[in-house]
Amino acid sequence: MISVTPKIIYDCDVLIVGGGPAGSGLAFHLASKGIKVTVVESAVFPRDKICGDGVSPIALAELDKMGITGADEFEKANEINKVGLFLKDDKVFIDLSKPDYLPYHARIIPRIELDNWIYEAAKKAGATFIQGTTVTEYTTSENAAVVSLKSGDKTFKLKTKLLVGADGANSTIARQLHGRKPKDDYQLLGLRAYYDNVNGPNDRVDIYFNEDGFPGIFWMFPKGATGANIGIAMISKTFPVKPDHVKKILLSHIENNEDIKERIGDGEPAEKIKGWPITFFNPKQKLSDNRIMLVGEAAGLINPLSGDGIQYALLSARWATETIEQCVAEDRFSAQDLDTYTVKVKEEVAFDFALSNLLVQFPRNKTFTKMWIKILTAMIAKAKVDKEYADTIAGIFEGTYPSYKALNLSFILKTLKQGGVELTNSFEAHIKNPEKSLDTGMEMVDFLTKIITEVKDNPKAHLKWITDTVLKTATVAKHLVKTVDMEKVNKVFRSE
Ligand SMILES: Cc1cc2nc3c(=O)[nH]c(=O)nc-3n(C[C@H](O)[C@H](O)[C@H](O)COP(=O)(O)OP(=O)(O)OC[C@H]3O[C@@H](n4cnc5c(N)ncnc54)[C@H](O)[C@@H]3O)c2cc1C
């Protein structure tokens, strides 16, 4: 008897869940290559996304490749030329230098506009969008991925050759693929408040740190002529547990910080404060499997140090396109065929993210907040007198430099040396003013007592923090062993 395999009817070649920068960006690239692509989006465009709205030069270069930077609306978006760093009463303003290979400085583009431009570009390239519809689950087999959808009361299924999860920080697809939601260790919480009628300048972004809000980072990004995006990104689980609600910390910063108060002036909130998680890269989790891939924040592609995610959403869309184009041509979508994408992502960003994640791991232990504030003070002092150093800091916040390039040995040694200078200055001050020395001595005793008490009261949690830190250090060390040229390292040490 001859057996005939029935021909499978697919609804599309590639079904993408989520139409943000990663999903619509990928749809644009695939449709431009003639691949039949459908995007399922639970919202309806134009839709908002809680964000700082900072679009880095690398993200803008990606938009440029997609022909999105030619529009009049793009020209109207605020171009950023300066960054202000604020810590207590200290501050520094850094003029941003533009790397030769990037066409623009960063811009502030409200996501309701930016994401709509990418969506329109994808539609124009030939992608199909199903909006107001949510993907609830999927199944995969050797021959297909089948996706369950819900739109109002209606439920239905679609069959595709390949399923791509581009559904952001709370990804349904990633949760099913990994069998769990992201661990607290790999998440930040972000809050955003839009303000109207604030003071300029509208080409400067401001970043604030303060002891009460630490390890939170506050921002004020100018939006249009007189608007602002004000917010905080905070590690969701600090240790010891922070009693204050993150929203309270943001409101207290807006009310009490003299620098932001001056900039807000007579400005007023334009809407309620809104929050959303920021999920970052866990090197142990899969990015692809049989007939399935993750891109953008669903894959954790976000820099924990800068909170930058738009550029990685767009970059991963382009990297995924290279693999998908080949898979569609050969009609092969096994885990092994899709692995070239995972390898590419790991080559490009895994070390950078592992290092940034390790750096975020330290401030998670609030016992050491005072030490971090001292390091930040040293960084601001150094940025005032050393342009190259200031550029590096600005580059990290602007998302222009990967942190592993920016936070090189030379940078770290400069910071430590500056820390030494700060200590020398305070030592001189103490000699001139012994009473002050006594205060500081008492402060030190207080600080050590606090550490000892906290370790004694909470040994389990401290042990967990130490274990997590060691594991994250081991991940970085693994990359270092693979990539670092020891001769170069020695040279840097000798030159410092
Ligand atoms: C407060 C805050 C500030 C930030 N600031 C910045 C910044 O200034 N610069 C920067 O570069 N990054 C910033 N980020 C990060 C940035 O917002 C994200 O990294 C970026 O949006 C990721 O893009 P994406 O396309 O992967 O996901 P998203 O933009 O989140 O898009 C996912 C899409 O999937 C849809 N979706 C979700 N689930 C489903 C489902 N089950 N079915 C169908 N559709 C679904 C959603 O509606 C959404 O449209 C910030 C994040 C936060 C929270």
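Further up the page is the structure itself.
Residues numbered from 1 in each chain as written. Predicted model: local features only at pLDDT ≥ 70, side-chain atom pairs only at ≥ 80, totals over all residues. Heavy atoms only, no water.

Caption draft 1: Structural context of the pattern of salt bridges. A complete count under the given rule lists 23 salt bridges for this structure. Across the pair lysine 33 and glutamate 325 runs a salt bridge, and its minimum N-O distance is 3.8 Å. One end of the pair, lysine 33, is in the loop between α1 (21–32) and β2 (37–41); the other, glutamate 325, is in helix α8 (residues 310–330), and 292 residues separate them in sequence. Measuring nitrogen to oxygen at the nearest pair gives 2.8 Å for the salt bridge that ties lysine 91 to aspartate 259. Of this pair, lysine 91 sits in strand β6 (residues 90–95) while aspartate 259 sits in helix α7 (residues 258–264); the two residues are 168 residues apart in sequence, bridging distant segments of the chain. Exposure remark for lysine 91: the relative accessible area of 32% places this residue in the partly exposed category. What you see here is one network of salt bridges that share partners, running through Asp48, Arg192, Glu271 and Lys274. (Salt bridge = Lys/Arg side-chain N within 4 Å of Asp/Glu carboxyl O. Helix = DSSP H or I, 4+ residues; strand = E, 2+ residues; numbered from the N terminus. Buried < 20%, exposed > 50% of the residue type's maximum accessible area, 1.4 Å probe, protein only.)

Caption draft 2: Examining the nonpolar core more closely. Counting residues in hydrophobic clusters, the biggest one holds 78 residues, and the most contacted among them are Val14, Ile16, Leu163, Val164, Leu301, Ile324 and Tyr341. The element that contributes the greatest number of residues to this core is α8, accounting for 11 residues. Excluding its chain neighbours within four sequence positions, the residues that come into contact with isoleucine 16 are Gly23, Leu26, Ala27, Val37, Thr38, Val39, Val40, Val164 and Ala166. Ile108, Trp219, Ile302 and Ala390 belong to the second largest nonpolar core, which has 32 residues in total. (Core = buried A, V, L, I, M, F, W, Y, C linked by side-chain atoms within 4.5 Å. Contact = heavy atoms within 4.5 Å.)

Caption draft 3: Focus on the sheet that holds strand β4 (residues 78–79). Across the sheet, which stays open at both edges, the 3 strands sit in the order β3-β7-β4 with antiparallel pairing between neighbours. Here the strands that pair on one side only, and so sit at the sheet edges, are β3 (54–55) and β4. Sheet topology places β3 next to strand β7 (residues 107–108); 2 bridges connect them, and they run antiparallel. Bridge pairing links glycine 54 to isoleucine 108 in β7. (Pairing = 2+ DSSP bridges.)

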